[in-house]
Amino acid sequence: MLKTIVQKVNVSESEKDFILKGILSVIKKVVTAQQFDIWFSCLRILSVTDNSITFVAPNNFIREWLYSNYKDLFSGAVYKVLNSSREVIFSTEEAVFGQASAPPFSANDTVPTIMNPSDDYYAIPLNKYYSFENFVVGPCNRLAHAAAVAVSESPGCAYNPLFIHGASGLGKTHLLHAINNVLVSKRMMKTIFLSCERFVNHYISTIRSNSWDSFRELYRNTDALLLDDIQLFENSQGSREEFFHTFNTLYNARKQIVITSDCPPEFIASLEDRLVSRFKWGLLCGIDNATIETRIAIAEKKASLWGINLPHEYATYLAENISGNIRELEGAITRLSKEEKITKNTVTLDLVRKVVRDLSGNKKTVNIEAVIEAVSKRFHVSVSQLQSKRRTRSLTLPRQIAMYLSRKLTNMSLMEIGGYIGGRDHSTVIHADEKIMQLSKKDKNLLFIIQKLESELQR
Ligand code: ADP
Ligand code: MG
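If you're wondering where the values come from, they're calculated on a predicted model, not measured in any experiment.

Thresholds applied
- Residues numbered from 1 in each chain as written.
- Chains lettered and ligands numbered in written order.
- Predicted model: local features only at pLDDT ≥ 70, side-chain atom pairs only at ≥ 80, totals over all residues.
- Heavy atoms only, no water.
- Pairing = 2+ DSSP bridges.
- Helix = DSSP H or I, 4+ residues; strand = E, 2+ residues; numbered from the N terminus.
- Axes fitted to C-alpha atoms, helices over the stretch in contact; angles between N-to-C directions.
- Expected span 1.5 Å × (residues − 1).
- Buried < 20%, exposed > 50% of the residue type's maximum accessible area, 1.4 Å probe, protein only.
- Polar contact = N/O pair within 3.5 Å; in protein donor to acceptor, adjacent residues only side chain to side chain.
- Near = heavy atom within 4 Å.
- Areas by Shrake-Rupley, 256 points an atom, 1.4 Å probe, with all protein chains shown as cover.
- Nonpolar A, V, L, I, M, F, W, Y, C, P; charged D, E, K, R; others polar.
- Domains from an automatic or database assignment.
- Arc of directions from axis to C-beta.
- Contact = heavy atoms within 4.5 Å.
- Phe/Tyr/Trp six-rings, centres within 6.5 Å; stacked < 30°, edge-to-face > 60°.
- Lys NZ or Arg CZ within 6 Å of the ring centre and 35° of its normal.
- Core = buried A, V, L, I, M, F, W, Y, C linked by side-chain atoms within 4.5 Å.
- Salt bridge = Lys/Arg side-chain N within 4 Å of Asp/Glu carboxyl O.
- pLDDT = per-residue confidence, 0-100.

Draft legend 1. Representation of the sheet that holds strand β1 (residues 44–48). Here we have three strands laid out as an open sheet, ordered β1-β2-β3, and mixed in their pairing. Looking along the sheet, the strands with just one partner apiece sit at the ends: β1 and β3 (87–92). Strand after strand, the sheet turns through a mean of 25° between neighbouring axes, direction not considered. As paired elements, strand β2 (residues 52–57) and β3 share six bridges and run parallel to each other.

Written out as structure tokens, the structure reads:
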């Protein structure tokens, strides 16, 4: 059969399945069951021509990983199955459907995909990589993790809604995936998992097409609704209204609702009180920055998942030097693995240092005008008031926050920052920096405001 298949230009779907099964069975023999599950089980074949074969990965992250680590394995397997060599191409669902590309290496990278091209419902596809097994639990995320496990075991009954909040890159989307994976594969439930941005886009396209019945039918007839990054509702009153009714319908039918956000509900600007209070009906839990021990454990876990030999002292070095966002820690390990492949050397401390240096050099630099503008908006004071020398109490805190953020996010010296914000010297900036660090340790609300400003500025 294969011989006839490969001579044809238009290979049918069932023939592609047949070829894929053959290739995957070759690969299965040489990788571990866990590797197979994570990287290979989610692939499909897009096309087979005389010269090439194109595989589609669910997201850019998996595509990059396959490309850097398993290209030769694929070439060999393709040769074995098709009896001739082809160029192996990896694409993504996103590229196939012609959507804008998202930055690599994030859980969000499971870019929303059109599950069924005739639908305009954009769902995030299943991704086994983001499972509970691959999630490292520490003091920073213990409650959120336990609640997510409980929800996946007793949907609609444990905590409803479950609202998880935390700064960017701390594992919120990972937990949503993990819940979704369990609900779909173990419980065979119908779930809807999508980013808030997609919900808003779908809402807008429904206004144009006036197809409200199918919109409502879709969101209100599901066993679970998992909505990521609800802070993005801020600018769309109509979709918040629609979501409010969806929420009520699902809640009354005891269907599970899980929501994530970069801050607690009351800090989402323009979110109506009735939604804020509904979000508090269930369980609200935050994810904090990971402690050094948790970051070391995460670095080691990622390295072992990706088959990199990362000695404990190197994992510690990474965890000590990459302190906030876990996505950055993960990016560092991916870089190490690529460097290891290119140089064909094992990972050395020098290499680890270089990767950390490069990563800190690559950070988006923020300019001080943007900081001042963001602070002025948040605290309803004018830019000129912030830059003035006036010492009224209502100006002191925003000014100190502007100094703290400028020191953290810009490349400017203490002198320059002081000069720019109120004509102060460097000791005022140091004082502001220490003050804000102390205050935000004691005052969670202030901490959320600062974290939110920080992530907005770096976006
Ligand atoms: P968020 O949605 O909060 O911005 P993500 O869920 O996208 O963050 O996480 C960013 C990356 O960090 C993901 O690749 C995720 O797997 C990883 N990550 C975050 N926290 C953990 C953890 N506790 N254990 C393992 N991986 C983690
Ligand atoms: Mg996320």
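Draft legend 2. Just the sheet that holds strand β6 (residues 162–166), in detail. In space, the five strands of this open sheet follow the order β7-β8-β9-β6-β10, with parallel pairing throughout. Lying at the two open borders of the sheet, with one neighbouring strand each, are β7 (191–195) and β10 (283–287). The mean inter-strand angle of the sheet, taken between neighbouring strand axes irrespective of direction, is 10°. Strand direction decides the pairing type here: β6 and β10, joined by five bridges, are parallel. Across the sheet, residue Gly166 finds its bridge partner in β10, namely Ile287.

Draft legend 3. View of helix α14 (residues 326–343). Helix length check: α14 (18 residues) gives 26 Å between terminal C-alpha atoms against 26 Å at 1.5 Å per residue, within 8%. Those residues of α14 that sit buried are Ile326, Leu329, Glu330, Gly331, Ala332, Ile333, Thr334, Leu336, Ser337, Glu339 and Glu340. At the N-terminal end of α14, a side-chain oxygen is found 2.8 Å from the backbone nitrogen of Arg327, two or three residues along, and the residue is Asn325.

Draft legend 4. Just the side chain of Thr334, in detail. Relative to the elements of secondary structure, Thr334 occurs in helix α14. Looking at Thr334, its side chain comes within polar contact range of the main-chain oxygen of Glu330, at 2.8 Å.

Draft legend 5. Seen up close, the site of ligand 1. Taken together, 19 residues sit near ligand 1, with Val136, Gly169, Thr173, His174 and Glu330 positioned nearest. One of the side-chain N or O atoms of Lys172 is found 2.8 Å from an oxygen atom in ligand 1. Its free accessible area being 550 Å², ligand 1 has 98% of it covered by the protein chains. Where the shell around ligand 1 is concerned, the elements lending two or more residues are α7 (172–185), α12 (292–305) and α14. For the shell around ligand 1, the class distribution of residues is eight nonpolar, seven polar and four charged. Taken domain by domain, the shell around ligand 1 gets at least three of its residues from each of domain 2 (142–287) and domain 3 (292–362).

Draft legend 6. Spotlight on helix α9 (residues 212–220). Restricting attention to buried positions, one finds in α9 the residues Trp212, Phe215, Leu218 and Tyr219. The buried side chains of α9 occupy one side of the element, clustering within an arc of 135° when seen end-on. Buried residues belonging to α9 abut β7, α8 (196–209), β8 (224–228) and α10 (237–252).

Draft legend 7. Just the packing of aromatic side chains, in detail. Counting across every chain of the model gives 25 aromatic pairs. Among the aromatic residues, those joined into a ring-pair cluster are Phe163, Phe199, Tyr203, Trp212, Phe215, Tyr219, Phe233, Phe243, Phe247, Tyr251, Phe279 and Trp281. The ring of Phe244 has Arg274 sitting right over it, with the charged end atom 3.8 Å from the ring centre.

Draft legend 8. Quick peek at the nonpolar core. Counting 81 residues, the largest nonpolar core has Ile23, Trp39, Phe40, Ile53, Phe55, Phe74 and Leu318 as its most contacted members. It is helix α4 (residues 60–82) that provides the largest number of residues to this core, a total of nine residues. If we ignore the near neighbours within four places in the chain, the residues touching Ile23 are Ile53, Phe55, Phe74, Ala77, Val78 and Val81. Of all hydrophobic cores here, the second largest spans 54 residues; its members include Ile192, Cys263, Phe267 and Val375.

Draft legend 9. Local environment of the pattern of salt bridges. Inspection of the entire model under this criterion finds 14 salt bridges. For Lys16, the salt bridge goes to Glu13, with nearest N and O atoms at 2.9 Å. Remark: Glu13 and Lys16 occur in helix α2 (residues 13–28); sequence separation between them is three residues, near one turn of the helix. Lys16 sits in the buried class, given a relative accessible area of 11%. Glu13 sits in the exposed class, given a relative accessible area of 53%. Linking Arg216 and Glu242 is a salt bridge whose minimum nitrogen-to-oxygen distance equals 2.9 Å.

Draft legend 10. The arrangement of unusual backbone geometry in detail. A cis amide bond, omega -5°, links Asn160 with the succeeding residue Pro161. Structurally, Pro161 is set in the loop between α6 (142–153) and β6. For Asn83, which is not glycine, the phi dihedral falls at a positive 70°. Relative to the elements of secondary structure, Asn83 occurs in the loop between α4 and β3. Phi is positive for Asp229, which is not a glycine, with a value near 60°. Examined against the element boundaries, Asp229 turns out to sit in the loop between β8 and α10.

Draft legend 11. Structural context of the confidence of the model for the protein. Here the protein averages 85 in pLDDT, and 90% of its residues register 70 or above. Segment residues 98–120 is flagged for pLDDT under 50; beyond a separation of four residues in sequence, or across chains, it makes 61 contacts in the model.

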